[in-house]
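# Fold and contact review
Listed below, chain by chain, are the residues.
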Amino acid sequence: MSQVVATAEHVVAAPADRVRAALADYAGTRQRIAGPQFSDWRVVSGGQGDGTRVHWRFAATSKRVRDQLVAVTDGPEGLVERDQNSSMVTTWTVHPADAGASTVRVRTTWDGASGIGGFFERTFAPKGLARSYTGILERLEAELR
C-alpha cells in the first residue's frame with residue numbers, strides 16, 4: 001500500500017479571511033459550491049469550521065462512490081477534513097496573494113490499494129480529484145464576487 005496524493009491550487013479574487021470563512025461554512029457555502037460529484041450532503045454537527053461533522057457521498061466515477069463522514073479541525077495547518085470511514089485527509093490552506101486576492105491550496109492524501117488496482121488509482125485518481133477541486137475553487141470565486 002502506498003499513499004496517494006491529489007492537489008489543486010487556485011487564486012481567488014477575494015481576501016483571505018472571506019475565503020477561509022466560506023470554506024469553513026459547511027452548512028451553506030461549501031454545499032453550494034461542492035459540485036455534481038457530491039450528494040447526500042448533511043451537516044451532522046456544527047456547521048462552521050472546527051468541530052463540524054458532515055456527511056456526503058463523493059462519486060469519483062459512476063462506479064466508484066465513497067460514503068464519507070468528515071470530522072473538521074481548523075488550526076494553523078489549515079482547514080483539515082478527516083474521513084472517519086477511510087484514511088482520506090484533505091487540507092485546505094488559504095494565503096493572501098496580491099491586493100484582495102488569495103491563493104487556495106487543497107491537498108488530499110489516502111492509503112491507496114496495492115497491485116494493479118493501486119497502480120491505476122495512483123495514476124488516475126489524483127487527476128480526477130484535482131479537476132473536482134478546481135471546479136470547487138472556481139465556484140468559490142464566483143460565490144464570493
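Residues numbered from 1 in each chain as written. Predicted model: local features only at pLDDT ≥ 70, side-chain atom pairs only at ≥ 80, totals over all residues. Heavy atoms only, no water.

So, on to the overall build of the protein chain. Secondary structure assignment for the protein chain yields three helices and seven strands. Counted over contacts in the protein chain with a minimum sequence separation of 6, partners at least 24 positions apart contribute 48%. (Helix = DSSP H or I, 4+ residues; strand = E, 2+ residues; numbered from the N terminus. Contact = heavy atoms within 4.5 Å.)

Attention now moves to the nonpolar core. The biggest cluster of nonpolar side chains holds 33 residues, and the ones touching the most others in it are Val19, Leu23, Trp92, Val104 and Leu140. Of all the secondary-structure elements, those providing two or more residues to this core are strand 1 (3–12), helix 1 (16–23), strand 2 (38–45), strand 3 (53–59), strand 4 (65–75), strand 6 (89–96), strand 7 (102–111) and helix 3 (115–144). In terms of residue count, helix 3 provides more of this core than any other element does, six residues in total. Not counting residues up to four positions away in its chain, the partners in contact with Trp92 are Leu23, Arg30, Gly78, Leu79, Glu81, Val104, Arg105, Val106, Tyr133, Ile136 and Leu137. (Core = buried A, V, L, I, M, F, W, Y, C linked by side-chain atoms within 4.5 Å. Buried < 20%, exposed > 50% of the residue type's maximum accessible area, 1.4 Å probe, protein only.)

Right, let's get into the side chain of Thr29. Assignment of secondary structure puts Thr29 in helix 2 (residues 29–33). The contact partners of Thr29, leaving out residues within four places of it in the chain, are Ala22, Leu140 and Glu143.

Turning our attention to the environment of Thr90. Tracing the chain through its elements places Thr90 in strand 6. Between the alpha carbons of Thr90 and Gly78 there is a distance of 9.7 Å; along the sequence they are twelve residues apart. Other than its neighbours up to four places away in sequence, Thr90 contacts Leu79, Val80, Glu81, Val106, Arg107, Thr108 and Tyr133. A polar atom in the side chain of Thr90 sits 2.8 Å from the side chain of Thr108. Of note is the side chain of Thr90, whose polar atom sits 3.4 Å from the side chain of Tyr133. (Polar contact = N/O pair within 3.5 Å; in protein donor to acceptor, adjacent residues only side chain to side chain.)

Looking now at unusual backbone geometry. Positive phi, close to 50 degrees, is recorded for Asp40, a residue that is not glycine. Residue placement: Asp40 occurs in strand 2. A relative accessible area of 41% means that Asp40 is categorised as partly exposed.

In space, the seven strands of this open sheet follow the order 1-7-6-5-4-3-2, with antiparallel pairing throughout. The open sheet is flanked by strand 1 and strand 2, the only strands paired with a single partner. Averaged over neighbouring strand pairs, the angle between their axes works out to 20 degrees when direction is ignored. Summarising the sheet, strand 2 and strand 3 pair through five bridges and their orientation is antiparallel. Bridge pairing in strand 3 places Phe38 opposite Phe58. Against the sheet, helix 1 engages strand 1, strand 4, strand 5 (78–83), strand 6 and strand 7, with an angle of about 160 degrees to strand 6. (Pairing = 2+ DSSP bridges. Axes fitted to C-alpha atoms, helices over the stretch in contact; angles between N-to-C directions.)

We now examine the environment of Val80. Mapped onto the fold, Val80 is located in strand 5. Judged by relative accessible area, Val80 falls into the buried class, the value being 3%. For Val80 and Thr108, which are 28 residues apart along the polypeptide, the C-alpha to C-alpha distance reads 9.6 Å. Apart from residues no more than four positions distant in its own chain, Val80 is found in contact with Ala71, Val72, Thr73, Val89, Thr90 and Thr91.

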